[in-house]
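This is what each chain is made of:
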Amino acid sequence: MSKKVKIGNIFIGGGAPVAVQSMMTFRPSDTKNTIKQILALEEAGCDIARFCVRDEADAKAIKTIREKTHIPLVADIHFDYRLAVAAAENGADKIRINPGNIGGEDKIKIVADCLKAHKLPVRVGSNSGSIEKEFLLAYGRSEKALAESALKNAALFEKYGVGDIVVSVKASDVRLTVAAYRYIAARCDYPLHLGVTEAGTLKSGVVKNSIGIGALLLQGIGDTVRVSLSAAPVEEVRAAKLILRSVGLEKDYVELVSCPTCGRCEWDLIPFAEKTEKFVSKFKKPLKIAVMGCVVNGPGEAADADLGIAGGKGFCMLFKKGVPYKKVAYEDVEKEFFKEIENCLRSAD
Ligand code: SF4
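On a predicted model such as this, the values are computed, not experimentally measured, just so you know.

Caption draft 1: Representation of the pairing of strand β4 (residues 48-52) in the model. The element β4 is largely enclosed, with a buried count of four among its five residues. Pairing of strand β3 (residues 19-23) with β4, which is carried by three bridges, proceeds in the parallel orientation. Paired with Met 23 across the bridge in β4 is Arg 50. With helix α1 (residues 31-44) bridging β3 and its parallel neighbour β4, the resulting β-α-β unit is right-handed. With four bridges connecting them, β4 and strand β5 (residues 73-77) associate as parallel partners. Each bridged residue has a counterpart across the sheet, and for Phe 51 the counterpart in β5 is Ala 75.

See below:
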């Protein structure tokens, strides 16, 4: 099991729930928009927010952002160790840094001393573009190069007494990402930050991330996830939550199953399934509901659903655990089905 690391008011690793994170698209010095974006992400279920800190104004803005938001904040630093120190002093809960571009070991020591003084964790790691030269030469652009490069970065902070280290080994290639995380998970107990980097736009990016992150989570690897997308951060959080649900790591939600429809479908199922999904998204209790195309096969195919609806000729049939119990006219379908969902949720209390 990975080591448990405290980040602000949450833990990652050591059996803690897998934390969802995303990265802000505004600079912290655009405080108003950053706060607005973080609050929206909190609402969507984000556990950790990261932003880049590029100058002193960004670092100073963390103080206000910290006061007005609730989830842990991670400052992403490149090149200037002084910004890492300033971010820590202004209330960042974690620093993400690349020791390779920070300007030498003396600077790393300064950052390490600062992290220890503020009791802050650090994330180090590599991605396919930032593998240290020695490993690139020795192993090529491979999982071993990615992982050994990240382990070297972690060892540098360990050398200066920082114990709370989170590690990432991201690539945009799904196979390479998965192989690198498997490699490093077998060799250390640092909590792992999972992600497929530069994964692309919404649709293809979600597929790449789901395969990469999902494969690892199913193997018990990974403690926090960031779904990288060329899309709004809230989409990253939604996708991450769906991945966690799909692999069974998040259970307090209403799961919707719906059939793909076929020639037996008796009603306009697709818009109703979408409407239902939207309706149930606000509930945080485990319940499985089904929206099915026909009464001939629907109840049987969705026999494990707590509650379901299937289309018939001129009516829909409600069923529980595969057993039909109530006919509803098409015009009353939404009202009746949604009321039944709420009843089921109430009786689960
Ligand atoms: S439930 Fe009915 S309509 Fe839907 S896929 Fe199965 S057979 Fe086809």
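Caption draft 2: View of the sheet that holds strand β10 (residues 224-226). Ordered by their spatial adjacency, eight strands build an open sheet running β8-β7-β6-β5-β4-β3-β10-β9, and the pairing between neighbours is parallel. The sheet is open, and its two borders are formed by β8 (165-170) and β9 (193-194), each paired with just one other strand. Where strand β6 (residues 94-97) lies against strand β7 (residues 122-127), two bridges are found, and the strand directions are parallel. Considered in β7, the bridge of Ile 95 is made with Val 122. Across the sheet, helix α2 (residues 56-68) is in contact with β4 and β5; its angle to β5 comes to roughly 170°.

Caption draft 3: A look at the packing of aromatic side chains. Taken as a whole, this structure holds six aromatic pairs when the rule is applied. Between the aromatic rings of Phe 135 and Tyr 139, the centroid separation amounts to 6.4 Å while the plane-to-plane angle is 15°, which identifies the pairing as stacked. Here the residue Phe 135 and the residue Tyr 139 both occupy positions in helix α5 (residues 133-139), the gap between them amounting to four residues, near one helical turn. Arranged with centres 5.0 Å apart and planes meeting at 50°, the rings of Trp 267 and Phe 272 form a pair that is tilted.

Caption draft 4: Local environment of the nonpolar core. Counting 78 residues, the largest nonpolar core has Ile 77, Ile 97 and Phe 157 as its most contacted members. Beyond its immediate stretch of four places on either side in the chain, Phe 157 contacts Ile 97, Pro 99, Ile 108, Val 111, Ala 112, Leu 115, Val 122, Val 124, Val 162 and Ile 165. Listed in part, the 30 residues of the second largest apolar core include Cys 259, Leu 287, Val 291 and Cys 344.

Caption draft 5: Spotlight on the site of the ligand. Residues in contact with the ligand, as listed here, are Cys 259, Cys 262, Arg 264, Cys 265, Gly 293, Cys 294, Asn 297, Gly 298 and Glu 301. A per-class count over the shell around the ligand returns four nonpolar, three polar and two charged.

Caption draft 6: Spotlight on the side chain of Thr 177. Among the structural elements, Thr 177 can be located in helix α7 (residues 174-185). Once residues within four sequence positions are removed from consideration, Thr 177 is found in contact with Val 169, Lys 170, Ala 171, Ser 172, Gly 195 and Val 196.

Caption draft 7: Here's a closer look at the environment of Ala 87. Topologically, Ala 87 is positioned in helix α3 (residues 81-89). Here the alpha-carbon distance between Ala 87 and Ile 77, two residues ten residues apart in the chain, equals 8.9 Å. Once you skip the residues sitting within four places of it in the chain, Ala 87 turns out to touch Ala 59, Ile 62, Ala 75, Ile 77, Ala 92 and Ile 95.

Caption draft 8: Examining the packing of α3 against helix α4 (residues 105-118) more closely. Across the interface, α3 lies against α4 with an axial gap of 9 Å and an inter-helix angle of 5°. With respect to their mutual orientation, α3 and α4 come out roughly parallel. Taking contact as the criterion, the partners of Tyr 81, Ala 84, Val 85, Ala 88 and Glu 89 in α3 are, on α4, Lys 107, Ile 110, Val 111, Cys 114 and His 118. A per-class count over the contact of α3 with α4 returns seven nonpolar, one polar and two charged.

Caption draft 9: Representation of the pattern of salt bridges in the model. Applying the stated criterion across every chain yields a total of 23 salt bridges. In this structure, the salt-bridge partner of Asp 80 is Arg 82, at a minimum N-O distance of 3.1 Å. A salt bridge links Lys 109 to Asp 113; its shortest N-O distance comes to 2.9 Å. Here Lys 109 pairs with Asp 113, and both are found in helix α4, just four residues apart, close to one helical turn. Of the residues examined, Lys 109 reaches a relative accessible area of 38% and is grouped as partly exposed. Judged by relative accessible area, Asp 113 falls into the partly exposed class, the value being 32%.

Caption draft 10: Inspection of the side chain of Glu 250 at higher detail. With respect to the helices and strands, the residue Glu 250 is situated in the loop between α9 (233-246) and β11 (254-258). In this structure the side chain of Glu 250 is engaged in a polar contact, spanning 3.2 Å, whose partner is the side chain of Lys 241. Among the polar contacts made by the side chain of Glu 250, one reaches the side chain of Arg 245 at a distance of 3.1 Å. When neighbours within four sequence positions are excluded, Glu 250 is seen to be in contact with Lys 241, Leu 244 and Arg 245.

Caption draft 11: Fine view of the sheet that holds β11. What the five strands build is an open sheet, ordered β11-β12-β13-β14-β15; its pairing is mixed. Pairing within the sheet leaves two strands with one partner each, and these edge strands are β11 and β15 (323-329). The sheet shows a mean angle of 20° between the axes of neighbouring strands, direction not considered. Pairing analysis gives four bridges linking strand β12 (residues 287-292) to strand β13 (residues 307-311), with the strands arranged parallel. Its bridge partner lying in β13, Met 292 is registered against Ala 310. Helix α10 (residues 269-280) contacts β11, β12 and β13 of the sheet and is inclined by roughly 165° relative to β12.

Cut-offs used in this document
- Residues numbered from 1 in each chain as written.
- Predicted model: local features only at pLDDT ≥ 70, side-chain atom pairs only at ≥ 80, totals over all residues.
- Heavy atoms only, no water.
- Buried < 20%, exposed > 50% of the residue type's maximum accessible area, 1.4 Å probe, protein only.
- Helix = DSSP H or I, 4+ residues; strand = E, 2+ residues; numbered from the N terminus.
- Pairing = 2+ DSSP bridges.
- Right-handed = clockwise from strand over helix to strand, strands pointing away.
- Contact = heavy atoms within 4.5 Å.
- Axes fitted to C-alpha atoms, helices over the stretch in contact; angles between N-to-C directions.
- Phe/Tyr/Trp six-rings, centres within 6.5 Å; stacked < 30°, edge-to-face > 60°.
- Core = buried A, V, L, I, M, F, W, Y, C linked by side-chain atoms within 4.5 Å.
- Near = heavy atom within 4 Å.
- Nonpolar A, V, L, I, M, F, W, Y, C, P; charged D, E, K, R; others polar.
- Parallel < 35°, antiparallel > 145°, perpendicular 65-115°, else oblique.
- Salt bridge = Lys/Arg side-chain N within 4 Å of Asp/Glu carboxyl O.
- Polar contact = N/O pair within 3.5 Å; in protein donor to acceptor, adjacent residues only side chain to side chain.

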